[in-house]
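Descriptive analysis of the structure
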Amino acid sequence: MPFDRSIKIAPSILSADFANLGAEIQAIEARGADWIHVDPMDGHFVPNLTIGPNVVAAIRPHVKTFMDVHLMISPADPYIGAFAKAGSDMITVHAEAGPHLHRSLQSVRAEGKMAGVALNMTTPLDHVADILDDIDMILIMTINPGFGGQKFTHAMIDKVARCRAMIADRPIHIQVDGGIDPTTAPLVAKAGANVLVAGSAVFRGGSVAQPNIYGDNIRAIRDAAQAAL
Ligand SMILES: O=C(CO)[C@@H](O)[C@H](O)COP(=O)(O)O
Ligand SMILES: [Fe+2]
């Protein structure tokens, strides 16, 4: 199958109602979510504690699309097996999480999962330039990781463009995460990102009782991004 570089909207369930995660996932998938983005955080690599492998396993039966797991855990290696067995489709590790990024990627692929690398805003593209064959996705952070609802960092647009040039025609997704909404989505899409994570901009104003708002929010982000291509 040819590599699919079309725009994908990946709602971050960090902004969902945690008391209703299964229903929230069903609601956003029924209204256009392409991937489900999950944000495990360890209270050490980032100053927040969120989701562990048990929760990922619990929501897995509700995810019919693609489970994209962004590990904000350092070191990640001791937990890769657990998140793989919980049903992740993509496991993304931070380049800064250490101690050996390439070994982490090997572990993810050995579990039969797709392997992503997240780069914090101050981490240069050089960290992945020599290992592109071992990567399925590069996640360019557009905020400091740890919390939803932060403001997009415009300086990252040029980094996305340089990442697009670096990967050329390789089958690697470029994901952006942080402050993506209908205003910022076209900027990153034009620069070359094809997987747009959005938490607050998807869940804002909606609920499982008012799910059509999720559909409106997803559509607004996708339409804005596609109009820029
Ligand atoms: O990884 C993270 C936060 O560290 C994200 O996935 C956020 O959940 C995105 O939230 P918004 O900026 O879209 O509200
Ligand atoms: Fe994330």
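Thresholds applied
Residues numbered from 1 in each chain as written. Chains lettered and ligands numbered in written order. Predicted model: local features only at pLDDT ≥ 70, side-chain atom pairs only at ≥ 80, totals over all residues. Heavy atoms only, no water. Helix = DSSP H or I, 4+ residues; strand = E, 2+ residues; numbered from the N terminus. Rg over C-alpha atoms; globule rule 2.2 N^0.38 Å. Buried < 20%, exposed > 50% of the residue type's maximum accessible area, 1.4 Å probe, protein only. Areas by Shrake-Rupley, 256 points an atom, 1.4 Å probe, with all protein chains shown as cover. Lys, Arg positive; Asp, Glu negative; His and termini not counted. Charge placed at Lys NZ, Arg CZ, Asp CG, Glu CD. Near = heavy atom within 4 Å. Polar contact = N/O pair within 3.5 Å; in protein donor to acceptor, adjacent residues only side chain to side chain. Nonpolar A, V, L, I, M, F, W, Y, C, P; charged D, E, K, R; others polar. Pairing = 2+ DSSP bridges. Axes fitted to C-alpha atoms, helices over the stretch in contact; angles between N-to-C directions. Contact = heavy atoms within 4.5 Å. Donors = N, O, S within 2.8 Å, 3.2 Å for Na, K, Ca; no water. Tetrahedral: all angles 85-135°; square planar, octahedral: opposite > 155°, others 65-115°. UniProt positions renumbered as here; feature names shortened; annotations may be inferred. Salt bridge = Lys/Arg side-chain N within 4 Å of Asp/Glu carboxyl O.

A few words on the overall build of the protein chain. Helix and strand content of the protein chain: 9 helices and 8 strands. A compact globule built from 229 residues would reach a C-alpha radius of gyration of about 17 Å, and the protein chain, at 16 Å, matches this within 12%. Its C-alpha atoms give the protein chain principal-axis dimensions of about 45 × 40 × 40 Å. Taking all 229 residues of the protein chain together, the buried fraction comes to 53%. A total accessible area of about 9500 Å² is found for the protein chain, and carbon and sulfur atoms account for 53% of it. Charged side chains in the protein chain number 18 positive and 23 negative. The centres of these two groups are separated by 3 Å.

This paragraph deals with the site of ligand 1. In the vicinity of ligand 1 lie 20 residues, with Gly146, Gly149, Asp177, Gly199 and Ser200 positioned nearest. Between ligand 1 and Asp177 there is a distance of 2.8 Å, counted from an oxygen atom to a side-chain nitrogen or oxygen. Grouping the amino acids of the shell around ligand 1 by side-chain chemistry returns 8 nonpolar, 10 polar and 2 charged.

With that settled, consider the sheet that holds strand 3 (residues 67-70). The 8 strands lie next to each other as 1-8-7-6-5-4-3-2, forming an open sheet whose pairing is parallel. At either margin of the open sheet sits one strand with a lone partner, and together these are strand 1 (8-11) and strand 2 (36-38). Adjacent strand axes in the sheet meet at a mean angle of 25° when their direction is disregarded. Bridge count for strand 4 (residues 90-94) against strand 5 (residues 114-119) is 5 bridges, and the pairing is parallel. Paired with Ile91 across the strands is Ala115, a residue of strand 5. Strands strand 4 and strand 5 of the sheet are contacted by helix 4 (residues 101-110), whose axis makes an angle of about 150° with strand 5.

Before going further, it helps to spend a moment on the coordination of the iron ion (ligand 2). The coordination sphere of the iron ion (ligand 2) contains the protein donors His37 (NE2), Asp39 (OD), His70 (ND1) and Asp177 (OD), at a distance range of 2.1 to 2.3 Å. Considering all 6 donor atoms around the iron ion (ligand 2), the spread of angles at the metal, 72 to 177°, places the coordination shape in the octahedral class. Each donor residue of the iron ion (ligand 2) belongs to the same chain, and together they define the spacing H-x1-D-x30-H-x106-D. Taken as a pair, His37 in strand 2 and Asp177 in strand 7 (residues 173-177) lie far apart in primary sequence, 140 residues in all. Note on His37: relative accessible area 0%, which makes it buried. When its relative accessible area of 8% is taken as the criterion, Asp177 is described as buried.

Moving on to the UniProt feature "active site" (unreviewed entry) in the protein chain. Here the UniProt-annotated "active site" (unreviewed entry) positions come out as Asp39 and Asp177. For the annotated residues, spread through 139 residues, the largest C-alpha to C-alpha distance comes to 10.7 Å, consistent with a single compact locus. Inspection of the secondary structure puts Asp39 in the loop between strand 2 and helix 2 (53-59). Ignoring sequence-local partners within four residues, the contact set of Asp39 consists of Ser12, Leu14, Thr50, Ile51, His70, Met72 and Asp177. Within polar-contact distance, the side chain of Asp39 engages the side chain of Ser12 at 2.7 Å. Here Asp177 is in contact with His37, Asp39, His70, Leu139, Ile140, Met141, Thr142, Ile143 and Val197, once residues within four sequence places are set aside.

This part covers the UniProt feature "binding site: substrate" (unreviewed entry) in the protein chain. Per the UniProt entry, the sites bearing "binding site: substrate" (unreviewed entry) are Ser12, His70, Gly146, Phe147, Gly148, Gly149, Asp177, Gly178, Gly179, Gly199 and Ser200 in this numbering. By the element assignment, Phe147 lies in the loop between strand 6 (137-141) and helix 6 (156-167). According to the relative accessible area criterion, Phe147 is partly exposed, its value standing at 39%. If we skip the residues at most four places from it in the chain, Gly199 touches Ser12 and Ser15.

We now examine the pattern of salt bridges. Under the definition given, this model contains 7 salt bridges. Asp158 is the partner of Arg162 in a salt bridge, and the nearest nitrogen-oxygen pair spans 2.9 Å. Of this pair, Arg162 and Asp158 both sit in helix 6, separated by 4 residues, roughly a single helical turn. Among the residues examined, Arg162 registers a relative accessible area of 44% and is labelled partly exposed. For Asp216, the salt bridge goes to Arg219, with nearest N and O atoms at 3.3 Å. Highlighted residues: Asp216 and Arg219, both in helix 9 (residues 212-227), separated by 3 residues, approximately one helical turn.

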